[in-house]
Amino acid sequence: MAQAVDRDTNRPLEPPSEFIVKVQDINDNPPEFLHETYHANVPERSNVGIIRTALPNMDREAKEEYHVVIQAKDMGGHMGGLSGTTKVTITLTDVNDNPPKFPQSVYQMSVSEAAVPGEEVGRVKAKDPDIGENGLVTYNIVDGDGMDLFEITTDYETQEGVVKLKKPVDFETKRAYSLKVEAANVHIDPKFISNGPFKDTVTVKIAVEDTDEPPMFLAPSYIHEVQENAAAGTVVGRVHAKDPDAANSPIRYSIDRHTDLDRFFTINPEDGFIKTTKPLDREETAWLNISVFAAEIHNRHQEAKVPVAIRVLDVNDNAPKFAAPYEGFICESDQTKPLSNQPIVTISADDKDDTANGPRFIFSLPPEIIHNPNFTVRDNRDNTAGVYARRGGFSRQKQDLYLLPIVISDGGIPPMSSTNTLTIKVCGCDVHGALLSCNAEAYILNAGLSTGALIAILACIVILLVIVVLFVTLRRQKKEPLIVFEEEDVRENIITYDDEGGGEEDTEAFDIATLQNPDGINGFIPRKDIKPEYQYMPRPGLRPAPNSVDVDDFINTRIQEADNDPTAPPYDSIQIYGYEGRGSVAGSLSSLESATTDSDLDYDYLQNWGPRFKKLADLYGSKDTFDDDS
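Residues numbered from 1 in each chain as written. Predicted model: local features only at pLDDT ≥ 70, side-chain atom pairs only at ≥ 80, totals over all residues. Heavy atoms only, no water.

A.B. asks: Looking at this structure, how should I read the state of the cysteines?
C.D. replies: In a disulfide, the sulfur atoms of two cysteines are held together by a covalent bond. Across all of its chains, the model carries two disulfides by this definition. Between the sulfur atoms of C331 and its disulfide mate C429 the distance is 1.9 Å. Since a negative S-S torsion denotes a left-handed disulfide, the C331-C429 link at about -85° is left-handed. Pair noted here: C331 is in strand β21 (residues 327-331) and C429 is in strand β27 (residues 417-429), with a separation of 98 residues, a long-range link. (Disulfide = S-S within 2.5 Å. Helix = DSSP H or I, 4+ residues; strand = E, 2+ residues; numbered from the N terminus.)

Given below as structure tokens:
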């Protein structure tokens, strides 16, 4: 904005005016690209575009990337104009314009005949210069004699074809196979279909390698039959195996004893014939399952195993028997009462044999009682039979129990039969035919003794038994020696017995050792009439022999012990003996005097008692008589 004013007065000379200033452009800036470099992707073999290819059919596989410099000028490119440049990187993208190609025409592979299905045999690879999905290749077997035994899969990570075993191969059957493998692109561009088929084929030859194989049985399993009760050594059947190798090694057979713990069978190790070792019983085991090994003689580690099932055929060796322990009951009745049409009991039978040798069963009476006047058997022809009464008037007083033999035969070949006994009881029944009692004794009691009389008889029997027991007990106690141990004053014990001996030669009727004091046997005889100041141990030489039978030595020993006992008073003490018994002519044998003094008793009468008392007469007879004899 501008205005003219008076310089002196500074007064406006005119209103303000607006001035517009326009800046004229001059070419002082060159053109600049927004980016320093540019990248562009152009499909190979593309048509012209904004950036056009200068050469036709540019091949990515030959050169994938190009670098160009682009210049931009202003002023339409006239003189005096400015310019700018930039770099452009052009990458050719891939198209599927190349088919896969195998680098070789034949592949050689090998596989062991011991290989299992699914095992890898080898790999093939077709090269495709394309990349990405344009370079994906799939493999297939299109021809060859091993199409059924081999298969091929594609490893998409390595773009290889993996040849695998589909079924087991056998060196002895065929030693080589040939396969025709095709490799083809997965994605095909229709624009380049004219370049030819996008696939290639190759021949794969596979050789089968020989290995030492185990023997092979001719059948996967065997089933044999043998009759029960067959003698040991009977041939059951045969198993057969062979060595599949070309060497054809000899085979040896054996039975797995874990499957034949009872050792029912044996096998010939050379020809595989199986035989029995003992008779078999079908009723115990109808089927027997064993396993047989076949191993090469030269390599026992190469062995095969096959199951063998042996069926034991039935033989009619079991007679039929009652199916249960049958028991029949028949009511007492008058002879005038009509017979019942109902069977007393219905019986059936069981047979352990197979159905071919079992039913149908035939029931009958033995020939010797076919005309039994009391009962008869009617076969129902359905493996059962009924037992009927032929008469009435059965009485428990006459006979309360009948045993009826019944013959049961089976339909086997040859038929088997057995005789079974049926028990039939005669019972008391009410008017409606219901059983009341089958006890014959209960029926007879009413006509005999009463219950009170029976109790009285039993009581008398018990009393008599008690008396007999008491008598026997007292008798035994009288014969047994009585040893009395006094608590206060006991020095000696006399055993009471009343058996008369057989003379001085008889030493079996009694044992003199029982006359000895039990305390004296231990070497110490206590004094109970005084209290000793100190314990006296008798000298060993004065101990009597425990089993001595010489009464004189026994008495002298006692006297010496009493004389040499320092705790004893200088006078005789009374020796207490048990009473010998009533009615003894000799009286008491006890003495108040010591053996060191003359006895006042007269024992001369012992001379008159006979030879049995000769020993006592010699010991206790008069001194004069003893001196005269000396």
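A.B. asks: Explain the sheet that holds strand β4 (residues 106-112) to me, please; I cannot follow it from the model alone.
C.D. replies: Pairing between the strands of a sheet is mediated by backbone hydrogen bonds and can be parallel or antiparallel. If you walk across this open sheet you meet the four strands as β4-β10-β9-β6, and the pairing is mixed. Looking at which strands have only one partner, the edges of the open sheet turn out to be β4 and β6 (137-144). The mean inter-strand angle of the sheet, taken between neighbouring strand axes irrespective of direction, is 30°. (Pairing = 2+ DSSP bridges. Axes fitted to C-alpha atoms, helices over the stretch in contact; angles between N-to-C directions.)

A.B. asks: Whenever I open this one, a nonpolar patch on the surface confuses me. Can you help?
C.D. replies: Together, L454, I457, L458, I461 and L465 make up a nonpolar patch on the protein surface, roughly 450 Å² of accessible area in all. Tracing the backbone shows I457 in helix α2 (residues 451-479). By relative accessible area, which is 42% here, I457 ends up partly exposed. (Patch = residues over 30% accessible without salt bridge, like charges linked within 9 Å, V, L, I, M, F, W, Y side chains within 5 Å. Areas by Shrake-Rupley, 256 points an atom, 1.4 Å probe, with all protein chains shown as cover. Salt bridge = Lys/Arg side-chain N within 4 Å of Asp/Glu carboxyl O. Buried < 20%, exposed > 50% of the residue type's maximum accessible area, 1.4 Å probe, protein only.)

A.B. asks: Help me understand the pairing of strand β7 (residues 150-155) in this model?
C.D. replies: Both faces of the sheet carry side chains from a regular strand, because those side chains alternate between them. Sheet analysis places β7 next to strand β8 (residues 160-165), joined by six bridges and oriented antiparallel. When the bridges of β8 are listed, T154 appears paired with G161.

A.B. asks: It is not clear to me how the sheet that holds strand β15 (residues 251-255) should be interpreted in this structure. Could you clarify?
C.D. replies: The sheet built from four strands is open, its strands ordered β12-β19-β18-β15 with mixed pairing. This sheet does not close on itself; its edge strands, each paired only once, are β12 (222-227) and β15. For this sheet, the mean angle separating the axes of adjacent strands, direction not counted, is 30°. In terms of strand pairing, strand β18 (residues 287-296) meets strand β19 (residues 303-313) through nine bridges, oriented antiparallel. Within β19, the position partnered with A295 by the bridge is E303.

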